[in-house]
Amino acid sequence: MSEIPAKATESEDPSDGARAEAAAAAAADGAGRATGGTGLSSFDGTPPGDAMWQSSPPGSIYDYIKVASFSIGPDGLVDQWSLRAEQVFGIAAERAVGMDPIEAFIDPDLREQGQRKMAEILDGREWTGVVPFRVPATAEDDAGGQGLAEVYVMPTQTEDARRGAVCIVVDVRTLRSIETDLAASQSIFGQSPFGFLLIDTDLRVRRANQRFAMLFGGTPDDHRGKGVHDYLPRPEAERVSATLRRVLETGDSITDMHVTGFLPGSDERRHWSINLYRVHSGSGRPIGIAWLGTDITARRAAAREAAAARRNLALLNEAGARIGNSLDLETTARELLDVVVPGFCDLATVDLYQGLLAGDETPPGLADGSAQLRRVAFASAVSDAPFVGGGAPVAVGAVHHYPFNSPCADALRTARTQFVPAEDGGVVQSTLAVPMVAHDTVVGLAQFARTKGSEPFGDRDRDLAVELAARAAVCIDNARLYRREHERALILQRSLLPPGDPVASGLDIACRYLPGNSSADRPSEVGGDWFDVIELPGHRTALVVGDVMGRGLRAAVAMGELRSAVRTLALLDLEPAEVLSALDEIARGLGAPGGVQQATRAARRPREADLSEVYLATCVYAVYDSVTRRCTFANAGHLPPVLLEPGEDALMLDVPPGMPLGVGGEPFEEVEVELPEGALLALYTDGLVESRDHPLDEGLQAFVGALTDPSRPLEDVCDHVLNTLDTHHGEDDIALLMARVQGLPADSVGDWTLPREPRSVGRAREYARGQLLSWDLESLVDTTELLVSELVTNALRYGEGEIRLRLLLDRTLVCEVWDSGLVQPRRRRARDTDEGGRGLQLVGLLSAAWGSRRTPRGKTVWFELPLPDGETGLTDPAEALLSLF
C-alpha cells in the first residue's frame, strides 16, 4: 500500500464525545485486562451484576471478528496493550508497552507518512484508515508476518492534560473472510432450488428462502415465527417435531427423512425428502437447525410405478413357474389362485364351462355367456370371507350360470374384462371378471376381488389380470386336450383288453389292469401294456402279457395291433415260438411305411429309419393244456413268469428272455413246464415291480415274497399283491394275470388208438357212444357218432399212420381225431352232382366249431359241441343232411 487512506476530524465534533467515551471504555477495558484491573466493573457505580455491562455471552460478533485495542501515550509510545492485541499482533504486553507503533509495525516506506499521522493524532485529531502492518520478528518467528488492519484512533487526555490516543484495531482479512462467507451463505440460502429453513431452538422458523415461500405462499418474511404444525397434518407434524428436538439435543443429522403433507389450496398429497442438521455459533453453541427439503412426489410416483412393474413382473415369473405344472384342469386352476392370492388380490375364483370338463370339443353357450359353469377353485386371504361374484354363494364343485345381464355373463359373452360393482355392506370393494381365453376360445371365467382397505384395481391391474388369466387358460386348454387324448387312448386300450373276467378250461383266472396316473412333476400317458386269455382247441388256453415301449395314443394303437395279431396267430394254433416270430415281423412292420414286407426288405440293408417310428415290445406267450397240465412258454424280452406250487416258495421260471419284438434277427426258444394241481402262475408287466424309487431286482423279490398261499381266492391274491407292492406311484401301467391250475379230471377224458383199417370207423362210433352214455350225454350221441364217423373216415382216406380218437368233457364237448399226415383238411362246397365232398360241410353245420392244427407228429382235426342246457338246441342231423342238397 503506497499511502494510508485516512479520514481526520476535529475532536470538537458533537459525535466525537460518544465515540471518545466508547473508545475510552474499550481502552480502559483493554488496559484493565493488560494490567489485571477490573475494567468497567465499577464504572459510574453500577453493580457488577448489571446485565447491561456484563461480559458478552458466547455467540456475539466478537466470536467471529478480531478486534484489539491499545493506547498511545503523549510520547507517541504504547503505554497500554490489551489481550486481544496480543492475539492479533502476536506480541505479549511486556514487550509491546514502550514500543513505537510506527517503528514496530509500519513498513519503512510508510513510516514518514505514519509519523505525520501520529503527530496529527497527538494534536487531538481522530483518524480512521486501513493500515498494512508487519509483526516484528520473535524468537519463534524470525521473519515476522504481514497483516492488514482497519484502525480507529481516538484522542485522549491524561490527568495532567497531556494528549494521547486510544487505537481500535480490526483485522481486515477476517472481515473480508466473513463478508465472503456471508455472501456465499446468502447465495446458497437465497438461490437454492430446494426449500431452505433455519429453525431456532424454539422450533420456530427464523428464516426461509424464496423457494420455500413459493411453495407455501407469501414472502420469506411471512414465514418467520411459524412452526411445523402450520405446514403439516397433525400426526406428521408431531413426528417431525420429535425429530427436530432429537437433532437439537443430540446433534445427529437426519438424511432423507420422508415427510407427507399438502400445499396450501391443494388436495394433492405431496412428499418431501428432508435433511436436518444442527447449526452452531462461532463458539460452538447450538443456535438452531437447518432444514433442507426436496419435493419427491414425482420421484415417489415413479418409484411406485417401477415397484408395481417389478411386482407384476415377479408375479408373472411366478405364474410361469407355478401354473401348468400339472395336466389336470382343477389343479391348474388352483395353481392360478395360489399365485394371485394374496399377492395380487384377496379373494379369487375360477369357473370353467361344464361342457369343457365333460370333454366336449367346444363349450356350449358361448353366444350369450349363459352356459353352465362349474366352480373348480376358490381362494381367500380373508377368514370367513364370502364367495365373490354376487348372488348366492357358489361352493367349489357346484354347477351354476350367471344371469344374462350380469357383468360376468357380459365378460364371457364379449371376452373382455369387466369391473363388477361392489355390494353394499360387503367386504369386497373392487372385483375384476376376467374371461379365460385360449386360442380365441373362452374356456371359463376368473374373478379377482380386493376387500375394503386395499387399493382398488386400476388399469395396470386389469392388464396384469388379463395376462395371468390368459396364461392359465392356455394351460387349462392344454390340460383339456391332454385329458381328451388320455381318455380316448384309455378307452381304446381298455376296449382292446379282455372284457370282464376271462374264463379258461382247466384254469381259474383273475386279472388286474391299472393305468398310469398323472402326477405333479410328470404327466403320465396311457401305456402299451396288455394281457389276453385265448381259448384254443382241445381245452387248451393261451396266456399272453405284453408291453409296448413308449406311451400315448401311438403306443395304445400299436398294442391293439399286436393283440389282434396274437389272437389271429393263436387261432392258427401255432407253437409259442412261431407266434412270437410272426409278432416280431409284425412289430417291425408297424414302423415301416410299406408294412411287414417293406420292413423285411429294409432289414437286408442298413436302416436309416427315424427311431421315433420304431415300435418295440416285450411279450410272454404261454399255451396251457388242461389235459396234461403242461404249459409251453416263449418269451420276447419280457419279465419271467412266477410259479407258486402248493407247499413251496414262489419262484421265477427260467424262461430264456429272447429279444424284444421289433428287433428281429433272433429265434425264440420254448420251455415246457408241468404245472402241479393247484399251483399259481403269475404273468405281469414291469409297472408292477419297477419304479424310479425301487429298482427292478428289489421289485421282483418283493413280488415273489408277496405270493405265499396258493389256496387263497385269486381275487384276494391280486389285491394282496397290489397292496403289498408300491403300486401307487402311477409312473407306468400295471397288468397282472393270475391263473390257478385245475387240470381236467381223468374221467372227463376218453382216449383211444385205432388201427388204420375200415373197421376203425365203426369202432370209433362205439367208443364215442359208450363214453357219452357214461357222461350222461345221450342227447349228443347221434350227432357225435355222425361227426366222429366223418373225421375217422377222412383220416383213413387222406391221413397216414395210426389214428387216435379223444373225447374231452369240460364246459363243452370236444372230439379230436389224430393222425400222422401233414396235409390239412380243406373245406369246399360240393356241387349238386358231386357224390362226395360234403363231410366237412356236415361237420361245420352240426358242430359249434371245428378246425385242424398241426402237431409234432402230424395233425389233429377237431370239432366242438355245446352241452345240453335246455336253452341251446342241437341241429337235427337229418335236417343238416337235407340242407346240403
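The preceding data block contains the structure.
Residues numbered from 1 in each chain as written. Predicted model: local features only at pLDDT ≥ 70, side-chain atom pairs only at ≥ 80, totals over all residues. Heavy atoms only, no water.

### Considering the overall build of the chain
To be explicit about the condition: Helix and strand definitions follow DSSP, with helices as H or I runs of at least four residues and strands as E runs of at least two, each counted in order from the N terminus. Exposure categories follow from relative accessible area, calculated using a 1.4 Å probe and restricted to protein chains: below 20% of the type maximum is buried, above 50% is exposed, and the middle band is partly exposed.
Of the regular secondary structure elements, the chain holds 22 helices and 32 strands. Per-residue burial over the chain gives 46% buried out of 885 residues.

### Here's the deal with the nonpolar core
Note the threshold: We call a set of buried residues a nonpolar core when its members are Ala, Val, Leu, Ile, Met, Phe, Trp, Tyr or Cys and they connect through side-chain atoms within 4.5 Å of each other. Residue contacts are defined here by distance: any two heavy atoms, one from each residue, within 4.5 Å place the two residues in contact.
Core analysis: the biggest nonpolar cluster contains 57 residues, and Trp-530, Leu-543, Leu-583, Tyr-621 and Leu-737 have the highest contact counts within it. The dominant element in this core, judged by the number of residues it contributes, is helix α14 (residues 553–571), at eight residues. The contacts of Leu-583, once residues within four sequence positions are left out, are Leu-562, Ala-565, Val-566, Leu-569, Cys-619 and Leu-661. In terms of nonpolar packing, the next biggest core, distinct from the first, is built from 50 residues, Ala-409, Ala-433, Met-436 and Leu-445 among them.

### Overview of the side chain of His-539
So the rule is basically this: Contacts described as polar in this section are N or O atom pairs within 3.5 Å, which, within protein, must combine one atom able to donate a hydrogen with one able to accept it, while residues neighboring in sequence count only if both atoms come from side chains.
Inspection of the secondary structure assignment puts His-539 in the loop between β19 (527–536) and β20 (540–551). At 3.4 Å, the side chain of His-539 forms a polar contact with the side chain of Ser-505. Here Thr-812 takes part through its backbone oxygen, which lies 3.3 Å from a polar atom of the side chain of His-539. Apart from residues lying up to four places away in sequence, His-539 is in contact with Ser-505, Tyr-624, Ser-626, Leu-744, Leu-808, Leu-809, Asp-810, Arg-811, Thr-812 and Val-814.

### Comments concerning the sheet that holds strand β28 (residues 749–754)
Through backbone hydrogen bonds, the strands of a sheet pair up, either in parallel or in antiparallel fashion. Stated formally: At least two bridges found by DSSP between two strands are what make those strands a pair. Under this scheme, a helix contributes an axis fitted over its contacting stretch, all axes are lines through C-alpha atoms, and angles between N-to-C directions fall in the 0 to 180 degree range.
If you trace the five strands from one edge of the open sheet to the other, you get β28-β29-β30-β32-β31, paired in antiparallel fashion. Two strands bound the open sheet, and with one partner strand each, they are β28 and β31 (849–855). Strand-to-strand twist of the sheet, defined as the mean angle between neighbouring strand axes without regard to direction, takes the value 15°. Two strands pair when backbone bridges link them, and strand β29 (residues 803–809) and strand β30 (residues 812–819) are joined in this way by six bridges, in the antiparallel orientation. In the strand pairing of β30, Leu-805 is matched with Val-817. In the packing of helix α20 (residues 781–798) onto the sheet, contacts are made with β28, β29, β30 and β32 (858–866), and the angle to β32 comes to roughly 170°.

### A word on the pairing of strand β9 (residues 254–262)
Pairing between β9 and strand β10 (residues 269–280): seven bridges, direction antiparallel. Paired with Ile-254 across the two strands is Leu-276, which belongs to β10. Connecting β9 to the next strand, β10, in antiparallel fashion are six residues, including Gly-265 with a positive phi near 80°.

### Examining the packing of aromatic side chains
Each aromatic ring pair is summarised here by two numbers: the centre-to-centre distance and the angle between the ring planes. Under the convention used in this document: Each pair of aromatic rings taken from Phe, Tyr and Trp, with Trp reduced to its six-membered ring, is defined by centres within 6.5 Å and is described as stacked if the planes are under 30 degrees apart, edge-to-face if over 60, and tilted in the remaining cases. Only Lys NZ and Arg CZ are tested; either one counts as a charge over a ring when it is within 6 Å of the ring centre and within 35 degrees of the ring normal.
Applying the stated rule across the entire model yields 13 aromatic pairs. Ring geometry for Phe-70 versus Phe-89: centroids 6.5 Å apart, planes at 80°, classification edge-to-face. Pair noted here: Phe-70 is in strand β2 (residues 67–72) and Phe-89 is in helix α2 (residues 83–89), with a separation of 19 residues, a long-range link. Neither residue differs from the other here; Phe-70 and Phe-89 are each classed as buried. Between the aromatic rings of Phe-216 and Trp-272, the centroid separation amounts to 5.8 Å while the plane-to-plane angle is 35°, which identifies the pairing as tilted. Here Trp-272 lies in strand β10 and Phe-216 lies in helix α7 (residues 210–216), a separation of 56 residues in the sequence. Across this residue pair, the class does not change: Phe-216 and Trp-272 are buried. Grouping aromatic residues by their ring pairs yields a cluster made of Phe-70, Trp-81, Phe-89 and Phe-105. Lying across the ring of Phe-404, Arg-413 places its NZ or CZ 4.3 Å from the centre. Here Arg-450 stacks its cationic end above the ring of Phe-344, 5.2 Å away from the centre of that ring.

### Some remarks on helix α15 (residues 576–590)
Put simply, the rule reads: Multiplying one less than the number of residues by 1.5 Å gives the expected span of a helix.
Taking 1.5 Å as the rise per residue, α15 with 15 residues should run 21 Å; its terminal C-alpha atoms sit 21 Å apart, in good agreement. Considered for burial, the residues of α15 that qualify are Pro-576, Ala-577, Val-579, Leu-580, Leu-583, Asp-584, Ala-587, Arg-588, Gly-589 and Leu-590.

### Description of the packing of helix α19 (residues 759–774) against α20
Stated precisely, the cut-off is as follows: Crossing handedness: left-handed means the near helix sits turned counterclockwise from the far one by under a right angle, and right-handed means the same turn made clockwise. Just so you know the grouping, Ala, Val, Leu, Ile, Met, Phe, Trp, Tyr, Cys and Pro go in nonpolar, Asp, Glu, Lys and Arg go in charged, and all remaining residues, Gly too, go in polar.
Relative to each other, α19 and α20 sit at 150°, their axes nearing to 9 Å. At the point where α19 passes α20, the crossing takes the right-handed sense. On α20, the residues that touch Ser-760, Val-761, Ala-764, Arg-765, Ala-768, Arg-769, Leu-772 and Leu-773 of α19 are Val-781, Asp-782, Thr-784, Glu-785, Val-788, Ser-789, Val-792, Thr-793 and Leu-796. When its residues are assigned to classes, the contact of α19 with α20 shows nine nonpolar, four polar and four charged.

### Overview of the state of the cysteines
Formally: Disulfides are defined as cysteine sulfur pairs within 2.5 Å.
According to the stated counting rule, one finds zero disulfides in the structure shown. Counting only cysteine sulfurs, Cys-718 is the nearest neighbor of Cys-511, a cysteine outside any disulfide, at a range of 7.4 Å. Since its relative accessible area comes to 11%, Cys-511 is described here as buried.

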